[in-house]
Amino acid sequence: MSADHYNAAPVPPEQGAANAEELAYRLRQQQLTADFGLLALKNHDAALLLQEATRLCAEGMSTLLCKVMAFQPQQGDFLMIAGVGWEPGYVGHARAGADLESPAGFAFQTRRAVISNHLQAEARFPTPRILADHNVKRAINVVLLVADEPYGVLEVDSPLDGRFTDADLAFMQGFANLLGVALERQSYEDALRANEEQLRHALEHQHVLMQEVSHRVKNSLAIVAGLLRVQSNNSPSAELRQALGDAETRVLTIAQLHGRLWQTGEVRSLNLEDFLRELCEKFSSSASTKILTYEAPPVMIPTDDAIPLGLLVNELVTNAVKYASPQKPGDVSISIKPTGDRLRLEVRDHGPGLPEDWQQRKPASLGMKLISRLSRQLGGEPQWENALPGSLFTLEFSA
């Protein structure tokens, strides 16, 4: 707003004033309306908008008194929530009736503007106490609508003789319309911020719940693994001890994979390169670390595929350690490479290779059945072949 806007406003033209005076006065009102429209676009503080509306309205009407009376549904009356020119203690505290017995109440109830140019002689309404306390002689009230619902009234008052006109009413109504739209936008933005805050709290709560569920699942799986270990230690059969030990390893692998997914916060997808590296580092407590090499591209895969892929790799490496007797680095290698829109998993060892009766023996082992089932769960068909030396497992699955 330019500095000259804060100079004394032009004197309102009396009835029969020259056209030039009238034009200058109305142009100033239009400029003040435009200024407030720009302020309403830039500002998001409802209290400031209300206060500026009363200040600019008073300036545009060449008076010192203006206020916004907001309807209070619980009390059924008005509260002065913004205003200029009033004695200390009125703004924010002064109340007035909202019934048809006052100019403001009539405008609010009927949605019709009210001009009272001679309050002392007004036959329609008694002079409200607030106006009497400030020697107000004339007033103009327009209803303030927010989202097409009555919010209150915008009122300009003057202790000076004179008259408000229909042109003044048009200025006031335009101002009230701008203010109503600004308050509606403010209400919408406040509701949006409140919803965003609620959503943020809900997401935080959901994250805590997921972490708690993940923690309990991991602990439950660890308990199951512990029970399998106890049963294995108490079993007289070497074959049964081996089977229970394998089952314990598989359960612990699931627990570790499950914990890894939720600890990193990767809910829908994860980085395959990081995943395979951390999976292979899991073998650091065993001799396989010395013989294991791996590579994978930094592509994203669905987390739904992570656990079956992790179990599959664990099973293949376990078999290689058990049957290929690796001894030096590179004796067991894992690689995952892109092939078009799919990925190709290869696990190679340098052991004795596949036995001659491999095709007949393949379905008999629980481990082989598990490998076959996990491969199909990933959407591929497992392939085994002699690598000369050693054996090679391959699986193409969806990326």
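Refer to the structure printed above.
Since the structure is predicted, the reported quantities are computational estimates derived from the model, not experimental observations.

**Section: the packing of aromatic side chains**
Inspection of every chain in the model, using the stated rule, returns 7 aromatic pairs. Every member of this aromatic cluster is reached through a ring pair, and the members are Phe 36, Phe 171 and Phe 175. Positioned above the aromatic ring of Phe 164, the side-chain terminus of Arg 138 is 4.5 Å from the ring centre.

**Some thoughts on the sheet that holds strand β13 (residues 391-398)**
Sheet strands line up and pair through hydrogen bonds in the backbone, either parallel or antiparallel. The mixed open sheet is built from 5 strands, whose spatial order is β8-β10-β11-β13-β12. Strand pairing shows two members of the sheet lacking a second neighbour, β8 (292-295) and β12 (383-386), which therefore form its edges. Here the strands of the sheet are splayed against their neighbours by 15° on average, with no regard to which way each runs. Alignment of strand β11 (residues 342-349) against β13, held across 7 bridges, turns out to be antiparallel. Along β13, the bridge assignment pairs Arg 344 with Glu 396. In the packing of helix α7 (residues 272-281) onto the sheet, the strands contacted are β8, β10 (332-339) and β11, and the crossing angle to β8 comes to about 170°.

**Things to note about the nonpolar core**
Note on soluble globular proteins: their nonpolar side chains tend to be buried together. Counting residues in each nonpolar core, the largest one holds 35 residues, and the members touching the most others are Leu 309, Leu 312, Ile 334, Ile 336, Leu 345 and Phe 393. Broken down by secondary-structure element, the contributors of at least two residues to this core are α7, α8 (303-323), β10, β11, α10 (366-377) and β13. Not counting chain neighbours up to four residues away, the residues in contact with Ile 336 comprise Leu 272, Leu 276, Glu 295, Ala 296, Pro 297, Leu 309, Leu 343, Arg 344, Leu 345 and Phe 397.

**Points about unusual backbone geometry**
Cis geometry marks the peptide bond from Leu 388 to Pro 389, where omega comes out at 5°. Within the secondary structure, Pro 389 is located in the loop between β12 and β13. Its identity is not glycine, yet Asn 135 carries a phi of approximately 55°, on the positive side. Position of Asn 135 relative to the elements: it lies in the loop between α4 (129-133) and β5 (138-146).

**Notes on the pattern of salt bridges**
Tallied over the full model, the rule gives 18 salt bridges. Note that Arg 95 is salt-bridged to Asp 77, the shortest N-O span being 3.0 Å. Of this pair, Arg 95 sits in strand β3 (residues 95-97) while Asp 77 sits in strand β2 (residues 77-84); the two residues are 18 residues apart in sequence, bridging distant segments of the chain. Put simply, Arg 344 and Glu 396 hold a salt bridge, and the shortest N to O gap is 3.5 Å. Of this pair, Arg 344 sits in strand β11 while Glu 396 sits in strand β13, placing them 52 residues apart in sequence. For Arg 344, a relative accessible area of 25% gives the class partly exposed. You can call Glu 396 partly exposed: its relative accessible area is 32%. Sharing partners across several salt bridges, the network here consists of Arg 28, Glu 52, Arg 55 and Glu 59.

**Here we look at the pairing of β5**
Most of β5 is tucked away, with 8 of its 9 residues classed as buried. Here strand β4 (residues 114-116) pairs with β5 via 3 bridges, running antiparallel. Across the sheet, residue Ser 116 finds its bridge partner in β5, namely Ala 139. Alignment of β5 against strand β6 (residues 149-158), held across 9 bridges, turns out to be antiparallel. By the bridge assignment for β6, Val 143 is matched with Val 153. Between β5 and β6, which pair antiparallel in sequence order, lie 2 residues; one of them, Ala 147, sits at a positive phi of approximately 55°.

**Examining the packing of α8 against α10**
At a minimum axis distance of 9 Å, the contact between α8 and α10 shows a crossing angle of 150°. In terms of their interaxial angle, α8 and α10 are classed as roughly antiparallel. For the pair α8 and α10, the crossing hand works out as left-handed. Within the contact between the two elements, α8 uses Pro 308, Leu 311, Leu 312, Glu 315, Leu 316 and Asn 319 and α10 uses Gly 367, Met 368, Leu 370, Ile 371, Leu 374, Ser 375 and Gln 377. Its residues assigned to classes, the contact of α8 with α10 comprises 8 nonpolar, 4 polar and 1 charged.

**Re the environment of Val 181**
Topologically, Val 181 is positioned in helix α5 (residues 166-233). For the pair Val 181 and Val 146, spaced 35 residues apart in the sequence, the C-alpha separation amounts to 6.4 Å.

**A word on the pairing of β6**
Most of β6 is tucked away, with 7 of its 10 residues classed as buried. Both strand β1 (residues 65-72) and β6 contribute to a ladder of 6 bridges, which runs antiparallel. Pairing of Ala 70 across the sheet is with Gly 152, part of β6.

**A closer look at the sheet that holds β5**
Read from one edge to the other, the open sheet built from 6 strands follows the order β3-β2-β1-β6-β5-β4, with strand pairing classed as antiparallel. Each end of this open sheet is capped by a strand with a single partner; those strands are β3 and β4. When strand polarity is set aside, the average angle formed by the axes of neighbouring strands in this sheet is 30°. Sheet topology note: the β1/β2 ladder contains 7 bridges and is antiparallel. Each residue of the ladder has a partner; that of Met 69, found in β2, is Met 80. Sitting on the sheet, helix α3 (residues 103-110) is in contact with β1, β2, β4, β5 and β6, with an inclination near 150° to β6. Strands in contact with α5 are β1, β4, β5 and β6; relative to β5, the strand with the most contacts, it is inclined by about 30°.

The rules behind the values
- Residues numbered from 1 in each chain as written.
- Predicted model: local features only at pLDDT ≥ 70, side-chain atom pairs only at ≥ 80, totals over all residues.
- Heavy atoms only, no water.
- Phe/Tyr/Trp six-rings, centres within 6.5 Å; stacked < 30°, edge-to-face > 60°.
- Lys NZ or Arg CZ within 6 Å of the ring centre and 35° of its normal.
- Pairing = 2+ DSSP bridges.
- Helix = DSSP H or I, 4+ residues; strand = E, 2+ residues; numbered from the N terminus.
- Axes fitted to C-alpha atoms, helices over the stretch in contact; angles between N-to-C directions.
- Contact = heavy atoms within 4.5 Å.
- Core = buried A, V, L, I, M, F, W, Y, C linked by side-chain atoms within 4.5 Å.
- Buried < 20%, exposed > 50% of the residue type's maximum accessible area, 1.4 Å probe, protein only.
- Salt bridge = Lys/Arg side-chain N within 4 Å of Asp/Glu carboxyl O.
- Parallel < 35°, antiparallel > 145°, perpendicular 65-115°, else oblique.
- Left-handed = near helix turned anticlockwise from the far one by under 90°.
- Nonpolar A, V, L, I, M, F, W, Y, C, P; charged D, E, K, R; others polar.

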